[in-house]
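# Architecture and fold: a report
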Amino acid sequence: MMVLYAILAIIAIIQVFPLIWLLFFSLKDNQEVFNLSPFALPTHPKWENYTKVWTEGNISRYFLNSVWYTAAAVLLTVLLASLVTFALTRMKWKLKGTVLGLFMVGLMIPVHSTLIPLFQMFMKVNLTDHPLSIILTYTAFNLPLTIMILLGFYQSLPREVEEAAVMDGCSVNRIFAQIVLPMTSSVVATTVIINMIYNWNEFVFINTFISSDHLKTLTVGIQNFIGQYTTDWGAIGATLMISILPILIAFFVLSNRIVEGITAGSVKG
């Protein structure tokens, strides 16, 4: 048992190393980045790198855009996926197998192969350089995976609770909102963090559909510190450090729920 704990501790330390390196990296200037060891402490920590990127680099605007796009897309994806999964697993209707198959086909479509068709479609409906183009794209591409994660968990839910609710006169909408959703909170937390990671780190769609600077996100805004002749590496490190904090916070907040969702899905699904 002690050997197992030792191995797990070593793995944990190895996984934390990139964060430590990035923190040190973000507190150095260009000279220290290239002259010092990657894990060497900065001679004079450049905390002003964070102030610089937040104010001069317009990172505050990019950060808010990332939060807005990610939150809207995650909420829409999880809500729609929950409704679809509820209809597929708790209702009897024709073609539900076909509908499920169509959603699963979405898992096999290469994301970047759709760039040109999507761009042309958004141009026709005047949604290029608009937040909706990003939110709708994220939602569409995350729906199949989210439905697949929810599917096994929904199929294992006891029907007795819903039958009792029906006997008490509960409508389908109330069954979904007040009974099923609370029962699936653990697996929903798992899908939330998975969607959040994808949406927060996405680059290609933002870079393709959004041209206005005030609508860009952190992943694209980081290019502001890459010039034709010079690159501010400390500022890039500070931007990257800021960009990973929301993901880390969300993971720590939802970690218990995520473990519950994965465990329940593996046992019941």
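Keep in mind that what you see is a predicted model, and the values were worked out from it rather than measured.

With that settled, consider the overall build of the chain. When its secondary structure is counted, the chain shows 13 helices and zero strands. Going from N to C terminus, the chain has its helices and strands arranged as α-α-α-α-α-α-α-α-α-α-α-α-α. Principal-axis analysis of the C-alpha atoms gives the chain an extent of 70 × 60 × 30 Å. Out of the 269 residues belonging to the chain, those deemed buried represent 39%. Relative to all contacts within the chain whose residues are 6 or more apart in sequence, the contacts with residues 24 or more apart total 74%. With the model as given, the accessible surface of the chain reaches about 15,400 Å², and the carbon-plus-sulfur share is 70%. Considering the chain, the positive charge centre built from 14 side chains and the negative charge centre built from 13 side chains are found 11 Å apart.

To continue, consider the confidence of the model for the chain. When the pLDDT values of the chain are averaged, the result is 85; 93% of them are 70 or greater. Ranking the elements of the chain by mean pLDDT puts helix H13 (residues 233-268) last with 73 and helix H6 (residues 115-124) first with 93. For the stretch residues 265-269, pLDDT sits under 50, and the model shows four contacts to residues farther than four places along the chain or on other chains.

Counted according to the given criterion, the structure contains eleven aromatic pairs. Plain terms: the ring middles of Phe34 and Trp233 are 6.4 Å apart, the flat faces sit at 85° to each other, and that makes the pair edge-to-face. A residue pair is termed long-range when its members are at least 10 positions apart, and Phe34 in helix H2 (residues 30-35) and Trp233 in helix H13 qualify at 199 residues. Arranged with centres 5.6 Å apart and planes meeting at 25°, the rings of Phe141 and Phe205 form a pair that is stacked. Highlighted residues: Phe141 in helix H7 (residues 131-156) and Phe205 in helix H11 (residues 204-209), separated in sequence by 64 residues. In this structure Phe205 comes out as buried when scored by relative accessible area, which is 0%.

Although it is not a glycine, Leu95 sits at a positive phi angle of roughly 70°. Along the chain, Leu95 falls in the loop between helix H4 (59-90) and helix H5 (96-105). Even without a glycine there, the phi angle at Asn126 is positive, about 60°. The exposure class assigned to Asn126 is exposed, which follows from its relative accessible area of 64%.

We now examine helix H1 (residues 2-26). Here H1 contains 25 residues, and its C-alpha end-to-end distance of 36 Å stays within 8% of the 36 Å for a straight helix at 1.5 Å per residue. A maximum bend of about 30° is found in H1 at Val16, where proline Pro18 lies one to four positions downstream. All of the buried residues along H1 are Leu22, Phe24, Phe25 and Ser26.

To continue, consider helix H9 (residues 172-183). In a regular helix each residue adds 1.5 Å, so twelve residues correspond to 16 Å; H9 covers 15 Å between its end C-alpha atoms and thus fits that length. Among all positions in H9, only Ile175, Phe176, Ile179 and Val180 are buried. Taken end-on, H9 shows its buried residues confined to a sector of 130°, consistent with a single buried face. The exposed residues of H9 that point more than 90 degrees off its buried face are Asn173 and Gln178. The inward-facing, buried residues of H9 contact H4, H7 and helix H8 (160-167).

Judged by nonpolar contacts, the single largest core of 38 residues is most densely connected at Val53 and Tyr154. Secondary-structure elements contributing two or more residues to this core are helix H3 (48-55), H4, H7, H9, helix H10 (185-201) and H13. Each residue touching Val53, except ones within four places of it in the same chain, is listed here: Asn58, Ile59, Phe225, Ala235, Ala238, Thr239 and Ile242.

What follows covers a nonpolar patch on the surface. Residues Met1, Met2, Val3, Leu4, Tyr5, Ile7, Leu8 and Ile11 make up a contiguous nonpolar surface patch of roughly 880 Å² in combined accessible area. By secondary structure assignment, the location of Leu4 is in helix H1.

It is at 11 Å that the axes of H8 and H9 come closest, and there the two elements cross at 140°. As far as their axial angle goes, H9 and H8 are oblique. The chirality of how H8 crosses H9 is right-handed. Side by side, H8 and H9 meet where Val161, Glu162, Ala165 and Val166 of the first sit next to Ile175, Ile179 and Val180 of the second. Each residue belonging to the contact of H8 with H9 can be placed in one class, and the counts come to six nonpolar, no polar and one charged.

Parameters and conventions
- Residues numbered from 1 in each chain as written.
- Predicted model: local features only at pLDDT ≥ 70, side-chain atom pairs only at ≥ 80, totals over all residues.
- Heavy atoms only, no water.
- Helix = DSSP H or I, 4+ residues; strand = E, 2+ residues; numbered from the N terminus.
- Buried < 20%, exposed > 50% of the residue type's maximum accessible area, 1.4 Å probe, protein only.
- Contact = heavy atoms within 4.5 Å.
- Areas by Shrake-Rupley, 256 points an atom, 1.4 Å probe, with all protein chains shown as cover.
- Lys, Arg positive; Asp, Glu negative; His and termini not counted.
- Charge placed at Lys NZ, Arg CZ, Asp CG, Glu CD.
- pLDDT = per-residue confidence, 0-100.
- Phe/Tyr/Trp six-rings, centres within 6.5 Å; stacked < 30°, edge-to-face > 60°.
- Expected span 1.5 Å × (residues − 1).
- Bend = angle between axes of the 7 residues up to and from the residue.
- Arc of directions from axis to C-beta.
- Core = buried A, V, L, I, M, F, W, Y, C linked by side-chain atoms within 4.5 Å.
- Patch = residues over 30% accessible without salt bridge, like charges linked within 9 Å, V, L, I, M, F, W, Y side chains within 5 Å.
- Salt bridge = Lys/Arg side-chain N within 4 Å of Asp/Glu carboxyl O.
- Axes fitted to C-alpha atoms, helices over the stretch in contact; angles between N-to-C directions.
- Parallel < 35°, antiparallel > 145°, perpendicular 65-115°, else oblique.
- Left-handed = near helix turned anticlockwise from the far one by under 90°.
- Nonpolar A, V, L, I, M, F, W, Y, C, P; charged D, E, K, R; others polar.

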